Amino acid sequence: MKNSFIKVQLTTISHIQVLIFTAVPRSGKLEFVLFKAGRAPQKLELVKSTSVGQLSIFELDLKEPFEVGYHYSLSVTGFPLQNIDASEYVFFKEFDDNFTYNGDDLGARYTKEYTDFALWAPLASSVFIRFSDQSEMLVMKRTEKGVYRRRVNGDLLNKKYVYVVTNSGVSTESTDPYGFGTSENSLYSAVVDINKIKEMGNVKLPNKLDNYVDAIIYETNVRDFTEQNGDATDIV
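Quantities reported herein were computed from a predicted structural model and do not represent experimental measurements.

Visitor: Quick question: what am I supposed to make of a nonpolar patch on the surface here?
Guide: On the surface, Phe-5, Phe-21 and Leu-55 cluster together to form a nonpolar patch covering roughly 280 Å² of accessible area. Take Phe-5: it is sitting in strand β1 (residues 4-12).

Visitor: Hey, could you run me through the pairing of strand β6 (residues 55-61) in this one?
Guide: Walk down a regular strand and you will see the side chains alternate between the two sheet faces. Looking at chain direction, strand β2 (residues 15-22) and β6 are connected through 7 bridges and run antiparallel. Opposite Ile-20, over in β6, you have Ser-56 as the bridge partner. Relative to β6, strand β5 (residues 46-52) runs antiparallel, the two sharing 6 bridges. In the strand pairing of β6, Ser-51 is matched with Ser-56.

Visitor: What exactly am I supposed to notice about the sheet that holds β1 here?
Guide: Sheet strands pair by backbone hydrogen bonding; their relative direction is either parallel or antiparallel. What the 4 strands build is an open sheet, ordered β1-β2-β6-β5; its pairing is antiparallel. Every interior strand has two partners, whereas the edge strands, β1 and β5, have only one. Going across the sheet, the axis of each strand differs from the next one's by a mean of 15°, ignoring polarity.

Visitor: Got a minute to help me understand the environment of Val-47 in this structure?
Guide: Note on placement: Val-47 falls in strand β5. For the pair Val-47 and Phe-58, spaced 11 residues apart in the sequence, the C-alpha separation amounts to 7.6 Å. With sequence-adjacent residues up to four places away left out, Val-47 is seen in contact with Glu-59, Leu-60 and Asp-61.

Cut-off values and rules
- Residues numbered from 1 in each chain as written.
- Predicted model: local features only at pLDDT ≥ 70, side-chain atom pairs only at ≥ 80, totals over all residues.
- Heavy atoms only, no water.
- Patch = residues over 30% accessible without salt bridge, like charges linked within 9 Å, V, L, I, M, F, W, Y side chains within 5 Å.
- Areas by Shrake-Rupley, 256 points an atom, 1.4 Å probe, with all protein chains shown as cover.
- Salt bridge = Lys/Arg side-chain N within 4 Å of Asp/Glu carboxyl O.
- Helix = DSSP H or I, 4+ residues; strand = E, 2+ residues; numbered from the N terminus.
- Pairing = 2+ DSSP bridges.
- Axes fitted to C-alpha atoms, helices over the stretch in contact; angles between N-to-C directions.
- Contact = heavy atoms within 4.5 Å.

Now the structure itself:
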């Protein structure tokens, strides 16, 4: 619908809100149909509506609690199919109750025979691994507490990768927030042998400081420090 804006968001575990801003007069009754991956469509009943000028707010109750890990969308008369924004779920009590994870196995855990990948992404409906040198992506399996896992066989040492994560119908690439290695400019995460790194021990600084306040720290703007003016030998 031209000259219109619509947003659908989850406000409680069993309630969604539809905001419609439109400059076009609306005629007829709106119908709201819920689509959930793997389930039959459900027509939702309107609980409450409020209008202020060109803004209308519609309150809808879900027939069953919102289930994290599935893709939900809503059909609204006169509009394209809308993804339901579930980002507010992280503030619900149910989020802490159901998805608090205290494990220490996240990230890419390397062995010469295989590497175990684990990503905590409770709100995601899907997660894939994409390696920098491969076009095909590997699907990860959702497990307890919203942790996605995948074991990849073979020696993956120094392999660069990113995750492709889908939240509320929107897919984005992300480096591994629990990774142990990274590529130049942090474009990719990298599989490293963390045990080998630990065997290196502590790195000794060339200059010993008796007190941290003795350190002299300089800050400069890279652009200002390297900008050229006229002759390439003149540095501003």
